[in-house]
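# Observations on the model geometry
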Amino acid sequence: MTITKHKSILLFILLSILILLAACGGVPEENTSTQASDKVFAVADVLTLVAKENDITRTLYTKGIVGAGKKQGLKFDEDWQDDDVEAGPLPALFLRGISSDIRKSSTPLGLYLGSDFPINASNKFQGKQASLFEKIKATKRPQHFYEEDQKMYTSMFADLAVAAPCVNCHNDHKNTTKTDWKLGDVMGATTWQYPSDSLSYKEAIDVIKAYRNGTKAIYTAYLEEISNFKVDSTKPAIGNKWPSKGFYLPTAEVFIDSVRKLTSYESLEKILLADNTSSKETTTTSDLAAN
């Protein structure tokens with residue numbers, strides 16, 4: 001196993017332990033200032049970690065909530081927050097909700113979804129990001145670079161068509177500019193930005209917490225929308241069951257807990273399969289600044 005792989009494993013373990021300690025109030029008082037001042041994580045490593053959690057979260061929402069929910073009669077619409085629309089957010093709007101909540105936080109983390117064939121013209125990649133997106137489409141590998149005009153360290157990750165609802169929605173949308181999307185296609189890229197080339201323990205934890213808080217906020221907003229549905233027969237039972245079991249939706253706590261469990265499982269799988277995969281050195285700070 002390479003040094004880089006050891007670092008990635010250590011990064012995940014340390015952040016997981018520290019997030020748990022922070023949630024339980026168990027971080028020793030005398031160590032807090034030291035942890036906050038030491039820049040120990042490269043920005044590309046932290047953005048890769050949060051991007052992986054985002055992939056898992058969006059896949060769970062797309063397949064477990066939207067895909068399974070539609071089969072039970074649940075509706076999802078781009079105008080889901082309008083008073084006369086009884087529906088939930090589409091996957092892209094779920095991500096937009098997370099991004100919006102992150103912007104309200106004190107964590108300087110940027111997140112948005114772009115494409116070369118977006119439904120919303122404002123989401124079309126331009127300039128350097130457009131050229132790097134061509135590399136992502138060809139290789140499906142992330143691109144880490146320094147955005148000179150914005151003074152932000154940026155990481156772009158392939159956004160794949162992982163479920164039929166995504167493909168069908170984009171192909172059939174009235175404003176679509178592409179109608180032949182297929183499962184597995186690179187539909188766009190999630191783009192993450194942070195103003196520093198390295199992060200302390202506390203800053204890295206804040207990034208993960210900001211994302212998780214955003215996830216909980218948008219999912220909670222969806223459940224609150226359901227509570228305002230005028231027709232009782234359109235309101236699913238909310239508890240510990242998922243749409244795959246019937247006309248149900250999980251609570252926000254159940255949804256978030258499932259994300260955390262899947263994130264841990266995914267990381268373990270990467271460790272177990274590490275010897276069978278090709279290694280690539282993590283982008284260094286100097287590499288980011290040079291691009």
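In this report, we go over the structure that sits alongside the text. Owing to the predicted nature of the structure, the values given are computational and were not obtained by experimental measurement. (Residues numbered from 1 in each chain as written. Predicted model: local features only at pLDDT ≥ 70, side-chain atom pairs only at ≥ 80, totals over all residues. Heavy atoms only, no water.)

Examined against the element boundaries, Tyr112 turns out to sit in strand E2 (residues 110-114). Owing to a relative accessible area of 31%, Tyr112 belongs among the partly exposed residues under this scheme. Ignoring anything within four residues of it in the chain, the contact list for Tyr112 reads Phe125, Gln129, Ala189, Thr190, Thr191 and Gln193. Polar contacts involving the side chain of Tyr112 include one to the side chain of Gln129, which spans 2.7 Å. (Helix = DSSP H or I, 4+ residues; strand = E, 2+ residues; numbered from the N terminus. Buried < 20%, exposed > 50% of the residue type's maximum accessible area, 1.4 Å probe, protein only. Contact = heavy atoms within 4.5 Å. Polar contact = N/O pair within 3.5 Å; in protein donor to acceptor, adjacent residues only side chain to side chain.)

Pairing in this open sheet of 4 strands is antiparallel, and the strands run E2-E5-E4-E3 from one edge to the other. The sheet is open, and its two borders are formed by E2 and strand E3 (143-147), each paired with just one other strand. This sheet shows a mean twist of 25 degrees between the axes of neighbouring strands, independent of strand direction. Bridging between E3 and strand E4 (residues 152-160) involves 5 bridges; their strand directions are antiparallel. Each residue of the ladder has a partner; that of His144, found in E4, is Ser155. (Pairing = 2+ DSSP bridges. Axes fitted to C-alpha atoms, helices over the stretch in contact; angles between N-to-C directions.)

This structure, assessed with the given rule, holds 12 aromatic pairs. Residues Phe117 and Trp181 carry aromatic rings whose centres are separated by 6.4 Å and whose planes lie at 80 degrees to one another, so their mutual orientation is edge-to-face. One end of the pair, Phe117, is in the loop between E2 and helix H5 (127-139); the other, Trp181, is in the loop between helix H6 (164-172) and strand E5 (186-194), and 64 residues separate them in sequence. Judged by its relative accessible area of 6%, Trp181 falls in the buried class. Seen in terms of ring centroids, Tyr219 and Tyr222 are 6.1 Å apart; in terms of plane orientation they differ by 85 degrees. Their pairing is edge-to-face. (Phe/Tyr/Trp six-rings, centres within 6.5 Å; stacked < 30°, edge-to-face > 60°.)

Bringing helix H3 (residues 43-72) into the picture now. In this model H3 runs 42 Å from its N-terminal to its C-terminal C-alpha over 30 residues, within 8% of the 44 Å that 1.5 Å per residue would give. Counting buried positions along H3 gives 22 out of 30 residues, so the element sits mostly inside the fold. Positive phi shows up at Gly73, right after H3, with a value of about 105 degrees. (Expected span 1.5 Å × (residues − 1).)

In terms of nonpolar packing, the biggest core is built from 46 residues, with Tyr61, Ile65, Trp192, Tyr219, Tyr222 and Phe255 touching the most fellow members. Those elements giving two or more residues to this core turn out to be H3, helix H4 (91-104), E4, E5, helix H7 (201-227) and helix H8 (252-272). When neighbours within four sequence positions are excluded, Ile65 is seen to be in contact with Leu60, Lys70, Phe76, Tyr219, Tyr222, Trp242, Pro243, Leu249, Pro250 and Phe255. Counting 9 residues, the second-largest nonpolar core is a separate cluster that includes Leu132, Phe145, Ala158 and Val186. (Core = buried A, V, L, I, M, F, W, Y, C linked by side-chain atoms within 4.5 Å.)

This brings us to the packing of H3 against H4. Closest axis-to-axis distance for the H3/H4 pair is 10 Å, and the angle between their directions is 135 degrees. Classified by the angle their axes make, H3 and H4 are oblique. The handedness of the crossing between H3 and H4 comes out as right-handed. Together, Asn54, Thr57, Arg58, Tyr61, Thr62 and Val66 of H3 and Pro91, Phe94 and Leu95 of H4 make up the contact between the two elements. Partitioned by chemical class, the residues of the contact of H3 with H4 number 5 nonpolar, 3 polar and 1 charged. (Parallel < 35°, antiparallel > 145°, perpendicular 65-115°, else oblique. Left-handed = near helix turned anticlockwise from the far one by under 90°. Nonpolar A, V, L, I, M, F, W, Y, C, P; charged D, E, K, R; others polar.)

In short, shape yes, function no, at least from these values alone.
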